[in-house]
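Each chain is listed here by its residues.
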Amino acid sequence: MSIGGTKETKLIVIGETGSGKSSLGNFILKKLNKFKVGDGANSLTQETNGGYGEGDRKNVFVIDTPGFNDSNGKEKEKKNIEQMVKYIQTESGIKSIVICLDINNPRLLNSTKTMIRIIHEIFPVYEFWEHVCVVWSKCYCYTPQNVIDKMVEGKRKGYKKQLLNFAEETTGDSNFVIPMYFVDSSPDEGVDNTRSENEIISMLSWVRTLPSLKNKEVKSIKFHNTYIETKQETKIVELKHDRIKLLINKLQREKIVGYDGSINYTEWTVVKSKPVTEKIPKNLVGASETKLQGLKTEIGDRKFEAVVGGVLNYDKLL
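From a predicted model like this one, the values you see are computed outputs, not experimental measurements.

## As for the overall build of the chain
Now for step 1: Looking only at helices and strands, the chain has 7 helices and 12 strands in total.
Now for step 2: Expressed as a percentage of its 318 residues, the buried residues of the chain come to 45%.
Now for step 3: Looking at the chain as shown, the accessible area adds up to about 17,300 Å², and 49% of this sits on carbon and sulfur atoms.

And the structure:
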């Protein structure tokens, strides 16, 4: 699609609540109030939506997305994600994913990683990361250039390894570079913000060189992954001089990892039991049940079974 003979430039802006996503979207489009702007922890962007810019940005289409870590809670976040996925799938010609990060954040948060994973499910291409750039927000226009230069170097050192490791998790590839831009998208009225405007011009010039991403239909988003964990529980049932009767229980629980990185567990439940009678090794013959319980606590249930069964020598354990 083109507007006025110029091909449109379409991009998605993602980021944490309070990172300045919506302000950045307005700044890119040269429209002050296209996207509602919140006040930090309280997000005003509750639905994914997009719009065209004005003037020389009339061919630029920005998609604004709700932030993670929203004050409205996890259930609302899930609905926001579902609506976002549906919206993005109706939009063709998307060229770039812009990650909006607060210049003051020292690390890439799990919730931002989750949002990127979801976007990658929609665009599951090998060169996904070739379409990603980072815009550092709240890089105020009155900040001296030498300080900006130090910020660039600091962010390059601090984030490069994080992003490359994460990229390898998603696509298996870490052989790429990510363009970075430093922007004050909410300058005070009347101040010179030419530097930020030039950063956006540079970003859009790069985006226009990219081919459009091809999306795929995502029928549902997995909001959590469930993993089965097992462990052994060894109970002393009876102790008679050189013989010990044990009850070996196999326990199981679910580890539930949420889309936001949260981890929850179900209760341990016994799924299998087996009675065992062992001949105690000579060095433990005559030991009291209290001493053997203490040994079990010290070395763990599974190794305790092996020690009293003569398979492991306690003296050989670290």
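Once the structure has been displayed, the description carries forward.
## Comments concerning the sheet that holds strand S8 (residues 180-182)
Adjacent strands of a sheet form backbone hydrogen bonds with each other and so pair up, either parallel or antiparallel.
Now for step 1: An order of S4-S5-S3-S6-S7-S8 is seen for the 6 strands of this open sheet, with the pairing classed as mixed. Across the chains shown, the open sheet's two edge strands, defined by having one partner strand only, are strand S4 (49-52) and S8. Averaged over all pairs of adjacent strands, the angle between their axes in this sheet comes to 25 degrees, without regard to strand direction.
Now for step 2: Pairing of S4 with strand S5 (residues 60-64) involves 4 bridges; the strand directions are antiparallel. Its bridge partner being in S5, Asn49 is matched across the sheet by Asp64.
Now for step 3: Contacts between helix H4 (residues 145-171) and the sheet are confined to strand S6 (94-102), strand S7 (132-137) and S8, with S8 contributing the most and set at about 140 degrees to the helix.
Now for step 4: Packing against the sheet, helix H5 (residues 194-207) makes contact with strand S3 (9-15), S5, S6, S7 and S8, and its axis sits at approximately 155 degrees to S8.

## Observations concerning the packing of aromatic side chains
In this description, a pair of aromatic rings is defined by centroid distance and the angle of the planes.
Now for step 1: Taken as a whole, this structure holds 7 aromatic pairs when the rule is applied.
Now for step 2: Ring centres of Trp136 and Phe182 lie 6.3 Å apart, and the angle between their planes is 25 degrees; on these two criteria the pair is classed as stacked. Taken together, the positions of Trp136 in strand S7 and Phe182 in strand S8 put the pair 46 residues apart, joining distant regions of the chain.
Now for step 3: You can call Trp136 buried: its relative accessible area is 1%.
Now for step 4: Looking at Phe182, the relative accessible area reads 5%, which means it is buried.
Now for step 5: Every member of this aromatic cluster is reached through a ring pair, and the members are Phe128, Trp129, Phe166 and Phe176.
Now for step 6: A cation over an aromatic ring shows up here: Lys10 above the ring of Phe61, its NZ or CZ 5.0 Å from the ring centre.

## Regarding H5
Now for step 1: With 14 residues, H5 extends 20 Å between its outermost C-alpha atoms, agreeing within 8% with the 20 Å of an ideal straight helix rising 1.5 Å per residue.
Now for step 2: Looking at H5, one finds that the buried residues are Ser196, Glu197, Ile200, Met203, Leu204, Trp206 and Val207.
Now for step 3: Each element contacted by the buried residues of H5 is listed here: S3, helix H1 (21-29), S5, S6, S7 and S8.

## Things to note about the packing of helix H2 (residues 74-90) against helix H3 (residues 110-122)
Now for step 1: The N-to-C vectors of H2 and H3 enclose an angle of 35 degrees; their axes lie 11 Å apart at closest approach. For the pair H2 and H3, the crossing hand works out as right-handed. Of the residues in H3, those in contact with Ile81, Met84, Val85, Ile88 and Gln89 of H2 are Met115, Ile118, Ile119 and Ile122.
Now for step 2: Class assignment of the residues belonging to the contact of H2 with H3 gives a composition of 8 nonpolar, 1 polar and no charged.

## Examining a positive patch on the surface
Now for step 1: A surface patch of like charges, here positive, comprises Lys250, Lys272, Lys274, Arg302 and Lys303.
Now for step 2: Mapped by element, the contributors of at least two residues to the positive patch are strand S12 (269-279) and helix H7 (301-308).
Now for step 3: Locating Lys303 in the fold gives a position in helix H7.
Now for step 4: Look at Lys303 and you get partly exposed, because its relative accessible area is 43%.

## Comments concerning the pattern of salt bridges
Now for step 1: In total, this model carries 12 salt bridges according to the counting rule given.
Now for step 2: Across the pair Asp64 and Lys21 runs a salt bridge, and its minimum N-O distance is 3.9 Å. One end of the pair, Asp64, is in strand S5; the other, Lys21, is in helix H1, with 43 residues separating them in the sequence. Neither residue differs from the other here; Asp64 and Lys21 are each classed as buried.
Now for step 3: In this structure, Glu197 engages Lys30 in a salt bridge whose closest nitrogen and oxygen atoms are separated by 3.9 Å. Taken as a pair, Glu197 in helix H5 and Lys30 in the loop between H1 and S4 lie far apart in primary sequence, 167 residues in all.
Now for step 4: Residues joined in a network through salt bridges with shared partners are Lys30, Asp56, Arg57 and Glu197.

## Quick word on the nonpolar core
Now for step 1: Counting residues in hydrophobic clusters, the biggest one holds 38 residues, and the most contacted among them are Ile14, Ile88, Ile119, Phe123, Phe128 and Trp129.
Now for step 2: Every element with two or more residues in this core is listed here: S3, S5, H2, S6, H3, S7 and H4.
Now for step 3: The dominant element in this core, judged by the number of residues it contributes, is H4, at 7 residues.
Now for step 4: Leaving out residues up to four positions away in the same chain, Phe123 has contacts with Ile12, Ile88, Ile94, Phe128, Leu213, Lys214 and Asn215.
Now for step 5: Counting residues in each nonpolar core, the second largest holds 21 residues, with Leu11, Val13, Val135 and Val183 among its members.

Calculation notes
- Residues numbered from 1 in each chain as written.
- Predicted model: local features only at pLDDT ≥ 70, side-chain atom pairs only at ≥ 80, totals over all residues.
- Heavy atoms only, no water.
- Helix = DSSP H or I, 4+ residues; strand = E, 2+ residues; numbered from the N terminus.
- Buried < 20%, exposed > 50% of the residue type's maximum accessible area, 1.4 Å probe, protein only.
- Areas by Shrake-Rupley, 256 points an atom, 1.4 Å probe, with all protein chains shown as cover.
- Pairing = 2+ DSSP bridges.
- Axes fitted to C-alpha atoms, helices over the stretch in contact; angles between N-to-C directions.
- Contact = heavy atoms within 4.5 Å.
- Phe/Tyr/Trp six-rings, centres within 6.5 Å; stacked < 30°, edge-to-face > 60°.
- Lys NZ or Arg CZ within 6 Å of the ring centre and 35° of its normal.
- Expected span 1.5 Å × (residues − 1).
- Left-handed = near helix turned anticlockwise from the far one by under 90°.
- Nonpolar A, V, L, I, M, F, W, Y, C, P; charged D, E, K, R; others polar.
- Patch = residues over 30% accessible without salt bridge, like charges linked within 9 Å, V, L, I, M, F, W, Y side chains within 5 Å.
- Salt bridge = Lys/Arg side-chain N within 4 Å of Asp/Glu carboxyl O.
- Lys, Arg positive; Asp, Glu negative; His and termini not counted.
- Charge placed at Lys NZ, Arg CZ, Asp CG, Glu CD.
- Core = buried A, V, L, I, M, F, W, Y, C linked by side-chain atoms within 4.5 Å.

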